[in-house]
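As a plain string of letters, each chain reads:
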Amino acid sequence: YDGRRYGHGDLHALPKDIGPQAMFINQDLFQRLHEPPPSPRTPLTWSQALALWQRLTRDENHDGRTDLWGVYGFPLEAAVWSHGGEFLSADARRFTMAADPLALEALQWTADLQAVHRVAPQERQREALPVDAMFLTGRLACFIGGRWMVPLFRQAPFNWDVAPIPVSDRTRRPAGWSGSVGLAMAPECRHPEAAWQLIEFLAGPEGQAAQARMGFQIPNQRPLAWTDVFLQRAQRPAHAEVFAEAALYQQPNPSTRTPDNEWWTLLHQRLAPVYRGEVRAAERLHAIVPEVQAALDRGWRLLEAGR
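Keep in mind that this is a model prediction, so the values were computed, not measured.

Peer 1: Describe the pairing of strand S2 (residues 21-26), and please don't skip the residues or the numbers.
Peer 2: The buried fraction of S2 amounts to 6 of the 6 residues, a majority that puts the element mostly inside the structure. Alignment of S2 against strand S4 (residues 140-146), held across 5 bridges, turns out to be antiparallel. Its bridge partner lying in S4, Met23 is registered against Ile144. In this structure, S2 lies alongside strand S5 (residues 160-163), joined through 4 bridges in antiparallel fashion.

Peer 1: Any details on the pattern of salt bridges? Residues and values, ideally.
Peer 2: Per the counting criterion, the structure on display carries 10 salt bridges. Between Arg276 and Glu123 there is a salt bridge whose closest N-O contact spans 3.7 Å. In this pair, Arg276 is assigned in the loop between helix H14 (272-275) and helix H15 (281-304) and Glu123 in helix H5 (residues 123-128), connecting sequence segments 153 residues apart. The structure contains a network of salt bridges with shared partners spanning Glu123, Arg276 and Glu278.

Peer 1: Give me the nonpolar core: which residues, what numbers.
Peer 2: Ranked by internal contacts, the top residues of the largest apolar core, which has 57 residues, are Trp53, Phe74, Phe87, Met97, Trp263, Leu267 and Leu285. Look past the residues within four positions of Met97 in its chain and what remains in contact with it is Leu76, Val80, Glu86, Phe87, Ala103, Leu104, Leu107, Leu267 and Leu285.

Peer 1: Can you explain the packing of helix H8 (residues 192-203) against helix H9 (residues 205-213)? Please cite residues and give values.
Peer 2: Relative orientation of the contacting elements H8 and H9 amounts to 60°, with a least axis distance of 4 Å. Between H8 and H9, the crossing angle belongs to the class labelled oblique. Packed against H8, whose contacting residues are Phe201, Leu202 and Ala203, the element H9 presents Pro205, Glu206, Gly207, Gln208 and Gln211 at the interface. Looking at the contact of H8 with H9 residue by residue, the classes come out as 4 nonpolar, 3 polar and 1 charged.

Peer 1: I'd like a rundown of helix H13 (residues 262-270), residues and numbers included.
Peer 2: Among the residues of H13, those classed as buried are Trp263, Trp264, Leu266 and Leu267. One side of H13 holds all its buried residues, which, seen down the axis, span an arc of 165°. Against helix H3 (76-83) and H15 lie the buried residues of H13.

Peer 1: If you had to explain the packing of aromatic side chains to someone new, which residues and values would you point to?
Peer 2: Enumeration over the complete set of coordinates arrives at 19 aromatic pairs. With a centroid separation of 6.3 Å and an interplanar angle of 50°, the aromatic rings of Phe24 and Phe143 are classed as tilted. With a gap of 119 residues between them, Phe24 in strand S2 and Phe143 in strand S4 connect regions that are remote in the sequence. The structure contains a cluster of three or more aromatic residues connected by ring pairs, namely Phe24, Phe135, Phe143, Phe153, Phe158, Trp160 and Phe243. Directly above the ring of Trp300 sits Arg93, whose terminal nitrogen or CZ lies 4.2 Å from the centroid.

Calculation rules
Residues numbered from 1 in each chain as written. Predicted model: local features only at pLDDT ≥ 70, side-chain atom pairs only at ≥ 80, totals over all residues. Heavy atoms only, no water. Buried < 20%, exposed > 50% of the residue type's maximum accessible area, 1.4 Å probe, protein only. Helix = DSSP H or I, 4+ residues; strand = E, 2+ residues; numbered from the N terminus. Pairing = 2+ DSSP bridges. Salt bridge = Lys/Arg side-chain N within 4 Å of Asp/Glu carboxyl O. Core = buried A, V, L, I, M, F, W, Y, C linked by side-chain atoms within 4.5 Å. Contact = heavy atoms within 4.5 Å. Axes fitted to C-alpha atoms, helices over the stretch in contact; angles between N-to-C directions. Parallel < 35°, antiparallel > 145°, perpendicular 65-115°, else oblique. Nonpolar A, V, L, I, M, F, W, Y, C, P; charged D, E, K, R; others polar. Arc of directions from axis to C-beta. Phe/Tyr/Trp six-rings, centres within 6.5 Å; stacked < 30°, edge-to-face > 60°. Lys NZ or Arg CZ within 6 Å of the ring centre and 35° of its normal.

What follows is the structure in structure tokens.
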């Protein structure tokens, strides 16, 4: 990092971990409803997943309200990339999503999970009960999230596991976003030797093993990720390798290609009416292009001005 652009300069960071996503599944719930759980090796297609989530979404006490939801948390990046679409131009300077038919289809499919098919909890339900609590209390059959959810979900009173995120029927291409955290010390660090010892430990084999054992993170070293230090076969999930395999194909989210994430945050804020079913994806995206592009342009101008 050179103070302005990632991938340039002499400030380096070592990866603390890597954070791909997977689909958590309530195995006891699947068994109770006589549904075979998704394979930990072969991802469901969107059509297969939707049919499954529709069967799992239920009004169990017959009071006219949904008690059990099929899924929550389908990442927009996973949908767009799996379907063959994109968010930005190759140079990351133009917001191209609104002109990309595949991206539009993927966004609409994602939004329809809650707005049309009603297999995902809507905003008012999520306000009443957070989705992680929904999963922990058995009211959510599938939850898409990262490895960081494992320590919390290990408190669940039921059996659960993980499976790959469903893929587009069009491409059957696995996709998703994966985050990470970098460990570095500033040039002005007053105790560089101590700082380096800490970074060296945390990013090295011993520190990575210690952090992986807590169940929270995927180690930054591939050989370590395929040992029981990470896989932890005696604990849930039974198929932790789903995360390690996802790390091989999932990628950073689109905002990492741009000077800042203002445009990305704005995009998600402006898409809220699509997820509520108030407007179609194509109409909404075309309407917000000037605003999102302006935010993207502003980031590039500030970068080029050295600010």
